[in-house]
Amino acid sequence: ACGTCPDNSGTGTATTSTVFTACKCSVGYSGPDGGASCVNCVAGHFKGVRGTALCADCPADEWTASLAQSSCTACPGNSNTNAVTGSVVVTACLCNIGHTGTPSSGPCNPCGVGKYKTATSDNAVCTDCSQGKYKGDTGQTSNSCSNCLGGKFNVNLGSSTISACTNCIANEWNDSPAQASCKPCPASSGTNSGTGQQAQSDCRCNSGYYGEPDAGTDCIACDAGQYKDSSTANGNPSTEPHCTKCA
């Protein structure tokens with residue numbers, strides 16, 4: 001009569017075997033050929049071939065919680081184990097940079113427009129583009145949000161289009177990109193109803209006032225007996241007064 005191979009081993013497709021060592025451990029089990037028993041691979045490990053090979057760690061981005069496995073399970077879409085091997089639970093899978101979600105519940109999703117995420121993490125929210133910026137692409141992995149240009153501002157977080165960048169209103173200006181607000185002209189000066197002004201030199205003294213608002217100083221009221229009937233270019237008030245004596 002023929003003998004029977006120990007538990008969790010066999011001769012595969014071979015027949016007419018004549019030696020006990022023809023009994024090899026099955027996939028998912030490890031031990032010597034013809035050994036008394038083959039030991040199952042523990043969680044986080046696998047063995048995909050018959051024979052004496054040792055059980056191996058699940059590779060990075062895979063996991064298994066079960067015993068005696070011939071392979072491991074891949075992390076859900078857009079997630080990874082951050083280079084860790086031998087993972088035993090799906091929660092070892094973390095959403096890739098630029099993605100958010102809960103891998104234990106399914107694939108991670110790209111960050112939406114106006115957002116980004118720079119770290120591998122589980123269930124972490126994506127970060128909004130800051131005020132003064134915008135981004136129209138999804139799945140952004142760095143803070144590459146685009147700047148609103150000078151003469152414009154954006155008070156909102158997480159903006160997705162350049163249309164979120166609004167012209168500075170009349171009597172305000174802004175010479176820097178990525179701003180959440182514009183700067184007011186000095187007192188008694190304005191931009192003559194102009195919007196989107198990019199320099200303080202666009203501020204002009206109002207009618208009835210003179211001075212150097214482009215230097216950041218407030219405009220001065222004309223003296224008694226003098227007048228100025230338009231918003232004009234600036235000058236040095238000590239040597240080039242803009243007010244005119246009454247006739």
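None of these values were measured; they are calculated from a predicted model.

Notes on the overall build of the protein
Then step 1. Of regular secondary structure, the protein possesses zero helices and 26 strands.
Then step 2. Compactness check: the protein gives a C-alpha radius of gyration of 37 Å against a globular reference of 18 Å for 247 residues, more than 25% above the reference.
Then step 3. Considering only C-alpha atoms, the protein reaches an extent of 135 × 25 × 20 Å along its principal axes.
Then step 4. Per-residue burial for the protein yields a buried fraction of 34% across its 247 residues.
Then step 5. For the protein, restricting intrachain contacts to residue pairs at least 6 apart in sequence, the fraction spanning at least 24 positions comes to 37%.

As for the side chain of lysine 47
Then step 1. Relative to the helices and strands, lysine 47 resides in the loop between strand S5 (45–46) and strand S6 (56–57).
Then step 2. Buried and unpaired, lysine 47 has no salt bridge, with aspartate 33 as the nearest side chain of opposite charge at 7.7 Å.
Then step 3. Polar side-chain contacts of lysine 47 include one of 2.6 Å to the backbone oxygen of tyrosine 29.
Then step 4. Within the local environment of lysine 47, its side chain forms a polar contact with the backbone oxygen of valine 49, the two atoms lying 2.7 Å apart.
Then step 5. Every residue in contact with lysine 47, bar those within four places of it in the chain, is listed here: Cys25, Ser26, Val27, Gly28, Tyr29, Ser30, Cys41, Ala53, Leu54, Cys55, Gln69 and Ser70.

Some thoughts on the environment of glycine 150
Then step 1. Turning to its location among the elements, glycine 150 is positioned in the loop between strand S16 (146–147) and strand S17 (152–153).
Then step 2. The exposure class of glycine 150 is buried, given its relative accessible area of 18%.
Then step 3. Sequence spacing of glycine 150 and threonine 18 is 132 residues, and the spatial spacing of their C-alpha atoms is 87 Å.

Looking at the state of the cysteines
Then step 1. This structure, assessed with the given rule, holds 13 disulfides.
Then step 2. Linked covalently through their sulfurs, cysteine 75 and cysteine 93 form a disulfide whose S-S length is 2.1 Å. Between cysteine 75 and cysteine 93, the S-S dihedral sits near -75°, and the bridge is therefore left-handed. Here cysteine 75, found in the loop between strand S8 (73–74) and strand S9 (79–80), pairs with cysteine 93, found in the loop between S9 and strand S10 (94–95); they are 18 residues apart in sequence, far enough to count as distant.
Then step 3. According to the relative accessible area criterion, cysteine 75 is buried, its value standing at 11%.
Then step 4. Here cysteine 148 is linked by a disulfide to cysteine 165, with a sulfur-sulfur distance of 2.0 Å. Since a negative S-S torsion denotes a left-handed disulfide, the cysteine 148-cysteine 165 link at about -75° is left-handed. Of this pair, cysteine 148 sits in the loop between S16 and S17 while cysteine 165 sits in the loop between S17 and strand S18 (166–167), and the two are 17 residues apart along the sequence. Side by side, cysteine 148 and cysteine 165 carry an identical accessibility label, which is buried.
Then step 5. Looking at the unpaired cysteine 246, the closest cysteine sulfur is the one in cysteine 222, lying at 9.0 Å.
Then step 6. For cysteine 246, a relative accessible area of 46% gives the class partly exposed.

Here's the deal with the pattern of salt bridges
Then step 1. According to the stated counting rule, one finds three salt bridges in the structure shown.
Then step 2. Across the pair aspartate 128 and lysine 115 runs a salt bridge, and its minimum N-O distance is 2.4 Å. Of this pair, aspartate 128 sits in strand S14 (residues 127–128) while lysine 115 sits in strand S13 (residues 115–116), placing them 13 residues apart in sequence.
Then step 3. By relative accessible area, lysine 115 is classed as partly exposed at 29%.

Observations regarding the side chain of threonine 81
Then step 1. Secondary-structure assignment places threonine 81 in the loop between S9 and S10.
Then step 2. Polar contacts involving the side chain of threonine 81 include one to the main-chain carbonyl oxygen of valine 84, which spans 2.7 Å.
Then step 3. The residues contacting threonine 81, other than those within four sequence positions of it, are Ala60, Asp61, Glu62, Cys75, Ser87, Ala92 and Cys93.

A few points about unusual backbone geometry
Then step 1. In this model, alanine 83 sits at a positive phi of 75°, which is unusual for a non-glycine residue.
Then step 2. In this structure, alanine 83 sits in the loop between S9 and S10.
Then step 3. The class for alanine 83 is exposed, based on a relative accessible area of 63%.
Then step 4. The backbone of asparagine 192 sits at a positive phi, close to 55°, despite the residue not being glycine.
Then step 5. The residue asparagine 192 is located in the loop between strand S21 (189–190) and strand S22 (204–205) in this model.

Thresholds, definitions, all that
Residues numbered from 1 in each chain as written. Predicted model: local features only at pLDDT ≥ 70, side-chain atom pairs only at ≥ 80, totals over all residues. Heavy atoms only, no water. Helix = DSSP H or I, 4+ residues; strand = E, 2+ residues; numbered from the N terminus. Rg over C-alpha atoms; globule rule 2.2 N^0.38 Å. Buried < 20%, exposed > 50% of the residue type's maximum accessible area, 1.4 Å probe, protein only. Contact = heavy atoms within 4.5 Å. Lys, Arg positive; Asp, Glu negative; His and termini not counted. Salt bridge = Lys/Arg side-chain N within 4 Å of Asp/Glu carboxyl O. Polar contact = N/O pair within 3.5 Å; in protein donor to acceptor, adjacent residues only side chain to side chain. Disulfide = S-S within 2.5 Å.

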